[in-house]
Amino acid sequence: MQIKDEPTLGVMAVVAASFLWGTTGTAASFTLDVSPLATGAFAMGVAGILLVLRSFRTLREDLPRLRDNLPLLCVGGLSVAAYPLAFYSSMRLSGVAIGTVISIASAPLFTVLLEKIINRKPIASKWVWSFCIGSLGVILLSVGKQSGSIQYSDSPYQLYGILLGILAALSYAVYSWSARELIVKGVGSSSAVSAQFGIAAFILLPSLYLTGENLFAGVQNTVVAIYMATVPMFLGYLAFGYALKKIEASMVTLITLLEPAVAVVFAVLIVGERFNLLALIGILLISVALLIQIIKPNLVFGVLNSRG
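Residues numbered from 1 in each chain as written. Predicted model: local features only at pLDDT ≥ 70, side-chain atom pairs only at ≥ 80, totals over all residues. Heavy atoms only, no water.

A look at the overall build of the chain
Then, number 1: Broken down by element type, the chain carries 15 helices and zero strands.
Then, number 2: For the chain, the residues scored as buried account for 50% of the 308 residues in total.
Then, number 3: Taking all contacts inside the chain whose residues are at least 6 apart in sequence as the whole, residues at least 24 apart take part in 88%.
Then, number 4: Accessible surface, the chain as shown: approximately 14,900 Å² in total, 69% of it carbon and sulfur. (Helix = DSSP H or I, 4+ residues; strand = E, 2+ residues; numbered from the N terminus. Buried < 20%, exposed > 50% of the residue type's maximum accessible area, 1.4 Å probe, protein only. Contact = heavy atoms within 4.5 Å. Areas by Shrake-Rupley, 256 points an atom, 1.4 Å probe, with all protein chains shown as cover.)

Written out as structure tokens, the structure is:
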């Protein structure tokens with residue numbers, strides 16, 4: 001039986017994924033002397049293997065279509081591998097606030113540009129409003145977490161951190177767009193996502209030889225590593241793949257602006273971090289951006305007309 005409101009289910013799936021991804025910062029805060037590069041590489045790499053194992057049957061069925069779109073698949077896989085390395089390096093070199101703003105807030109813009117330039121899809125005014133409001137919310141959220149001003153990293157390589165943040169945003173946009181393109185070309189959503197992550201796993205897991213010191217040093221570090229790989233990454237990207245089957249990649253990446261808001265809430269409730277009024281306003285703006293995508297225009301106009 002076909003579900004009538006499939007786009008809404010897609011939005012709900014992205015919200016669920018963003019919620020799970022929002023727990024990663026809090027979880028990572030419980031690790032001791034572990035490189036964020038190792039955390040990201042292990043989580044994405046192991047999640048890739050789990051996604052491949054889960055989708056093994058559908059991957060075999062979709063193998064001919066994946067071969068037909070091999071360049072697209074490889075670009076997506078390389079982008080998945082690049083994302084965690086660029087994202088965590090950006091935050092280390094340019095500071096958490098700047099890294100977060102550039103990496104997360106820029107990704108929806110890159111995605112919609114890819115759809116506009118390559119697929120010739122028009123940019124909806126509703127998307128523009130959501131992007132502007134949501135991006136402002138991410139900026140205020142990052143400023144609010146830093147006690148009223150964006151604090152830069154002391155690293156002399158700060159510019160490189162900013163460039164890596166742009167690379168992280170672009171890589172996130174590319175693998176979201178390429179997964180959606182594979183789905184449009186007839187590849188199953190689980191196969192499209194798992195094939196990309198499988199390629200990334202072969203790149204990311206060997207990098208642990210250089211970065212993985214203390215990753216499994218003690219029960220606490222081990223539990224966090226396993227949690228990161230299985231819950232936010234594996235389950236989160238299952239929901240992500242389902243969402244790409246229902247809605248455009250530009251909308252998917254736009255809604256993931258919710259992730260830093262969820263991360264702040266968890267940091268306050270569990271870690272005990274504090275944030276000021278600017279961060280609260282940022283969370284509210286991100287919520288408004290999400291509501292703009294969920295609420296249907298005809299529903300709004302219907303309510304207004306009924307009051308008139």
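What to know about the pattern of salt bridges
Then, number 1: Enumeration according to the criterion identifies four salt bridges in this entry.
Then, number 2: Across the salt bridge formed by glutamate 248 and arginine 180, the nearest N and O atoms sit 3.6 Å from each other. A residue pair is termed long-range when its members are at least 10 positions apart, and glutamate 248 in the loop between helix 11 (219-246) and helix 12 (249-255) and arginine 180 in helix 8 (residues 158-184) qualify at 68 residues.
Then, number 3: In this structure arginine 180 comes out as buried when scored by relative accessible area, which is 13%.
Then, number 4: One continuous salt-bridge network, built from bridges that share partners, spans Lys121, Arg180 and Glu248. (Salt bridge = Lys/Arg side-chain N within 4 Å of Asp/Glu carboxyl O.)

Some thoughts on helix 14 (residues 277-294)
Then, number 1: Here helix 14 is 18 residues long and its end C-alpha atoms lie 26 Å apart, about the 26 Å a rise of 1.5 Å per residue gives.
Then, number 2: Ala279, Gly282, Ile283, Ile286, Ala289, Leu290 and Gln293 are the residues of helix 14 that are buried. Burial along helix 14 is one-sided: seen end-on, the buried residues are contained in an arc of 120°. Turned more than 90 degrees off the buried face of helix 14, the exposed positions are Leu277 and Leu284. (Expected span 1.5 Å × (residues − 1). Arc of directions from axis to C-beta.)

Some points on the environment of leucine 51
Then, number 1: Among the secondary structure elements, leucine 51 is positioned in helix 3 (residues 36-54).
Then, number 2: Residue classification places leucine 51 among the buried residues on the basis of a relative accessible area of 2%.
Then, number 3: Apart from the residues within four sequence positions on either side, leucine 51 is in contact with Val193, Ser194, Phe197, Phe234, Tyr237 and Leu238.

With respect to unusual backbone geometry
Then, number 1: Of note in this structure, aspartate 33 is not a glycine but carries a positive phi near 55°.
Then, number 2: Locating aspartate 33 in the fold gives a position in the loop between helix 2 (24-28) and helix 3.

Observations regarding the environment of isoleucine 203
Then, number 1: Positionally, isoleucine 203 belongs in helix 9 (residues 189-204).
Then, number 2: A relative accessible area of 38% means that isoleucine 203 is categorised as partly exposed.
Then, number 3: Ignoring sequence-local partners within four residues, the contact set of isoleucine 203 consists of Leu78 and Ala81.

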